[in-house]
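Spelled out, the chains give:
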Amino acid sequence: QVQLVESGGGLVQAGGSLKLSCAASGRTFSKHAMGWFRQAPGKEREFVASISGSGGSTLYADSVKGRCTVSRDNARETVYLQMNSLKPEDTAVYYCAARPLFGSRRRDDYNYWGQGTQVTVSS
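Presented here is a report on the structure given in the accompanying data block.

Rules used throughout
- Residues numbered from 1 in each chain as written.
- Predicted model: local features only at pLDDT ≥ 70, side-chain atom pairs only at ≥ 80, totals over all residues.
- Heavy atoms only, no water.
- Disulfide = S-S within 2.5 Å.
- Salt bridge = Lys/Arg side-chain N within 4 Å of Asp/Glu carboxyl O.
- Buried < 20%, exposed > 50% of the residue type's maximum accessible area, 1.4 Å probe, protein only.
- Phe/Tyr/Trp six-rings, centres within 6.5 Å; stacked < 30°, edge-to-face > 60°.
- Helix = DSSP H or I, 4+ residues; strand = E, 2+ residues; numbered from the N terminus.
- Pairing = 2+ DSSP bridges.
- Axes fitted to C-alpha atoms, helices over the stretch in contact; angles between N-to-C directions.
- Core = buried A, V, L, I, M, F, W, Y, C linked by side-chain atoms within 4.5 Å.

1. Quick word on the state of the cysteines
By definition, a disulfide links the sulfur atoms of two cysteines through a covalent bond.
Right, so step 1: Within the structure shown, the criterion is met by one disulfide.
Right, so step 2: Not part of a disulfide, cysteine 68 finds its nearest cysteine sulfur in cysteine 96, a span of 15 Å.

2. Here's the deal with the pattern of salt bridges
Pairing is possible between side chains that carry opposite charge, provided their charged atoms lie close to one another.
Right, so step 1: Counted by the stated rule, this structure contains six salt bridges.
Right, so step 2: For the salt bridge of arginine 76 with aspartate 73, the shortest nitrogen-to-oxygen distance reads 3.6 Å.
Right, so step 3: Exposure remark for arginine 76: the relative accessible area of 62% places this residue in the exposed category.
Right, so step 4: Look at aspartate 73 and you get partly exposed, because its relative accessible area is 24%.
Right, so step 5: Notably, a salt bridge pairs aspartate 109 with arginine 106, separated by 2.7 Å at the nearest N-O pair.
Right, so step 6: Residues participating in the shared-partner salt-bridge network are Arg38, Glu46, Arg67 and Asp90.

3. So, the packing of aromatic side chains
Right, so step 1: Evaluated as defined, the whole model comprises four aromatic pairs.
Right, so step 2: Ring centres 5.2 Å apart and planes at 80° place the aromatic pair phenylalanine 37 and tyrosine 110 in the edge-to-face group. With a gap of 73 residues between them, phenylalanine 37 in strand S4 (residues 33-39) and tyrosine 110 in the loop between strand S9 (92-99) and strand S10 (112-113) connect regions that are remote in the sequence.
Right, so step 3: According to the relative accessible area criterion, tyrosine 110 is buried, its value standing at 5%.
Right, so step 4: For the pair phenylalanine 37 and tryptophan 113, a centre-to-centre distance of 5.0 Å together with 55° between the ring planes defines the contact as tilted.

4. Some words on the sheet that holds strand S1 (residues 4-7)
Right, so step 1: Ordered by their spatial adjacency, four strands build an open sheet running S1-S3-S8-S7, and the pairing between neighbours is antiparallel. The two strands at the open ends of the sheet, each matched to only one other strand, are S1 and strand S7 (68-73). With strand direction ignored, the average angle separating the axes of adjacent strands in the sheet is 15°.
Right, so step 2: Pairing analysis gives six bridges linking strand S3 (residues 18-24) to strand S8 (residues 78-83), with the strands arranged antiparallel. Looking across to S8, one finds that lysine 19 is bridged to glutamine 82.

5. Examining the nonpolar core
Right, so step 1: With 33 residues, the main nonpolar core has Leu4, Met34, Trp36, Val70, Leu81, Met83 and Tyr94 as its most contacted residues.
Right, so step 2: Counting residues per element, the ones that place at least two in this core are S3, S4, strand S5 (46-51), strand S6 (58-60), S7, S8, S9 and strand S11 (117-122).
Right, so step 3: Top contributing element to this core by residue count: S9, with five residues.

6. A few points about unusual backbone geometry
Right, so step 1: With phi around 50°, glutamate 77 is a residue other than glycine that occupies positive phi space.
Right, so step 2: On the secondary structure map, glutamate 77 appears in the loop between S7 and S8.
Right, so step 3: Not every positive phi belongs to a glycine, and serine 85 is a case in point at roughly 50°.
Right, so step 4: The topology assignment puts serine 85 in the loop between S8 and S9.
Right, so step 5: By relative accessible area, which is 42% here, serine 85 ends up partly exposed.

Structure follows, in structure tokens:
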């Protein structure tokens, strides 16, 4: 069983940067692929980025490719999402999630979820 806790959200002006963190519990962290999703008010929860258990492979949504970087530190059992050049449309609650296999963009494929951290980007 995996528990996830997000942090690092906040209020930032357009063009600014934030680095989100997701701390995991459990001794099988390195065996799980990790994903980042976000949900804006009135919208579906959507895929943002994911990273394989080893950190060797990543996936990004087209909306954030080139502006975001997902990484992980298995020794610290933490996954990160570095977000640069933020836009108002990036405003959402950001969630991290875990699943055994890498490669999915579908939220239903992820077994474990954190509670989310709010990111607000102002003009």
